Amino acid sequence: MQRIGLFGGTFNPIHTGHLRIANEIRERFSLDSIIFIPTGIPPHKDKNKVISPAHRLRIVELAVAPYKYFTVSSIEVYREGFSYSIDTVRALQNELGEPAELFFITGIDAFLDIRTWKDADKLLKLCNFIVIQRPGYGFAGLKRIGLPALQDVSSSELESLDKGERFELSVPLTEKYSLYLQHITPCDISSTELRRLIHDSKEVKYLLPENVMSYIIEQGLYRE
């Protein structure tokens, strides 16, 4: 059975932090590959601050090209209307078939809003979830969102993740799938800050893959 990570996001733009996070998760969970999935029209983002799906797809393709374990899916880019995670997971399950075990990778900042996701309860029964820490957000906040799977998890266990006293907490979602709360090497690179730096013509070397930066310059992205 192939173990495949699904790493979705706006990637506005993708940066070296995304690549480092993906590789760390791949190693920790012994994943065979990770599929990067740029969103089409993200339902939880201001679309006026997001460059076109076609541009974001292209920069993700450029960023992952050197890595044999990384691939890109355009499944959300060419979907009409909003991009919903449950539709993507179901479509990829059909495409990849029974031999694939899927691991949905997301940040704690996004997962804290899981109750606002389309058919969240059904989605949590479709695959594994890997939730990683993000600056300014804590795992302890999960106790407030009322997920049945977290009823028997204590606040102290979640706080120990936030303090870095433990690096992983595994919680069953179904008989087949689990929720993995994961503390990874801190990475403070922000797409929001990168957009500001690019707009102001500041140095972003080492924050973006060189081929991505070249494409952004050639296309005049993030200048307006």
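Reading guide: rules and limits
- Residues numbered from 1 in each chain as written.
- Predicted model: local features only at pLDDT ≥ 70, side-chain atom pairs only at ≥ 80, totals over all residues.
- Heavy atoms only, no water.
- Axes fitted to C-alpha atoms, helices over the stretch in contact; angles between N-to-C directions.
- Helix = DSSP H or I, 4+ residues; strand = E, 2+ residues; numbered from the N terminus.
- Parallel < 35°, antiparallel > 145°, perpendicular 65-115°, else oblique.
- Left-handed = near helix turned anticlockwise from the far one by under 90°.
- Contact = heavy atoms within 4.5 Å.
- Nonpolar A, V, L, I, M, F, W, Y, C, P; charged D, E, K, R; others polar.
- Buried < 20%, exposed > 50% of the residue type's maximum accessible area, 1.4 Å probe, protein only.
- Arc of directions from axis to C-beta.
- Phe/Tyr/Trp six-rings, centres within 6.5 Å; stacked < 30°, edge-to-face > 60°.
- Lys NZ or Arg CZ within 6 Å of the ring centre and 35° of its normal.
- Salt bridge = Lys/Arg side-chain N within 4 Å of Asp/Glu carboxyl O.
- Core = buried A, V, L, I, M, F, W, Y, C linked by side-chain atoms within 4.5 Å.
- Pairing = 2+ DSSP bridges.

**Details of the packing of helix 2 (residues 53-64) against helix 8 (residues 210-219)**
Phase 1: Where helix 2 meets helix 8, the axes come as close as 8 Å, and the angle between the chain directions of the two elements is 150 degrees. In terms of their interaxial angle, helix 2 and helix 8 are classed as roughly antiparallel. Between helix 2 and helix 8 lies a crossing of right-handed hand. Residues H55, R58, I59, L62 and A63 of helix 2 form the contact with helix 8, whose participating residues are N211, V212, Y215 and Q219.
Phase 2: Taken together, the residues that form the contact of helix 2 with helix 8 break down as 5 nonpolar, 3 polar and 1 charged.

**Concerning helix 8**
Phase 1: Those residues of helix 8 lying buried are V212, M213, Y215 and I216. For helix 8, the buried positions fall inside an angular range of 160 degrees around the axis, keeping them on one side. Away from its buried face by more than 90 degrees, helix 8 exposes E210, I217 and E218.
Phase 2: Looking at the buried side of helix 8, the elements it contacts are helix 2 and helix 7 (191-199).
Phase 3: Downstream of helix 8 by a residue or two, G220 has a phi angle that is positive, lying close to 65 degrees.

**Description of the packing of aromatic side chains**
In this description, an aromatic ring pair is defined by two values, namely the gap between the centres and the angle between the planes.
Phase 1: What the rule picks out here adds up to 12 aromatic pairs.
Phase 2: Aromatic pair F29 and F103: ring centres 6.2 Å apart, planes at 55 degrees, arrangement tilted. Of the two residues, F29 sits in the loop between helix 1 (16-28) and strand 2 (33-38) while F103 sits in strand 4 (residues 100-107), which places them 74 residues apart along the sequence.
Phase 3: Under the relative-accessibility criterion, F29 is labelled buried at 5%.
Phase 4: Between the aromatic rings of F36 and F70, the centroid separation amounts to 5.1 Å while the plane-to-plane angle is 65 degrees, which identifies the pairing as edge-to-face. Within this pair, whereas F36 is found in strand 2, its partner F70 is found in strand 3 (residues 70-72), the two being separated by 34 residues in sequence. Note on accessibility: F36 and F70 belong to one class, buried.
Phase 5: Every member of this aromatic cluster is reached through a ring pair, and the members are F7, F11, F36, Y67 and F70.
Phase 6: Positioned above the aromatic ring of Y69, the side-chain terminus of R26 is 3.7 Å from the ring centre.

**Focus: the pattern of salt bridges**
Pairing of side chains with opposite charge becomes possible as their charged atoms draw close.
Phase 1: Considering all chains together, one arrives at 11 salt bridges under this definition.
Phase 2: We note a salt bridge from R115 to D121, for which the minimum N-O separation is 2.7 Å.

**A look at the nonpolar core**
Phase 1: The biggest cluster of nonpolar side chains holds 36 residues, and the ones touching the most others in it are I14, I25 and F36.
Phase 2: Broken down by secondary-structure element, the contributors of at least two residues to this core are helix 1, strand 2, helix 2, strand 4, strand 5 (128-132), helix 7 and helix 8.
Phase 3: Considering every element that reaches this core, the biggest residue donor is helix 2, with 5 residues.
Phase 4: When neighbours within four sequence positions are excluded, I14 is seen to be in contact with L19, F36, I59, V60, A63, L208 and V212.
Phase 5: Core analysis: the next-biggest nonpolar cluster, separate from the first, contains 34 residues, I86, L123, L124 and V171 among them.

**Remarks on the environment of I37**
Phase 1: Mapping I37 onto the fold places it in strand 2.
Phase 2: For I37, a relative accessible area of 4% corresponds to the buried category.
Phase 3: Residues I37 and A91, spaced 54 residues apart in sequence, show a C-alpha to C-alpha distance of 12 Å.
Phase 4: I37 has contacts with L6, F7, G8, G9, F11, S73, I75, E76, T88 and L92, leaving out every residue within four places of it along the chain.

**Observations regarding the sheet that holds strand 7 (residues 178-182)**
Phase 1: Strand order in the open sheet formed by 7 strands is 3-2-1-4-5-7-6, and the pairing between neighbours is mixed. This sheet does not close on itself; its edge strands, each paired only once, are strand 3 and strand 6 (168-172). Across the sheet, the mean angle separating the axes of adjacent strands is 25 degrees when strand polarity is ignored.
Phase 2: The pairing of strand 4 with strand 5 spans 5 bridges and is parallel. Looking at the pairing, G107 lines up with I132 of strand 5.

In short, the description is geometric, and any link to function would need to be established separately.
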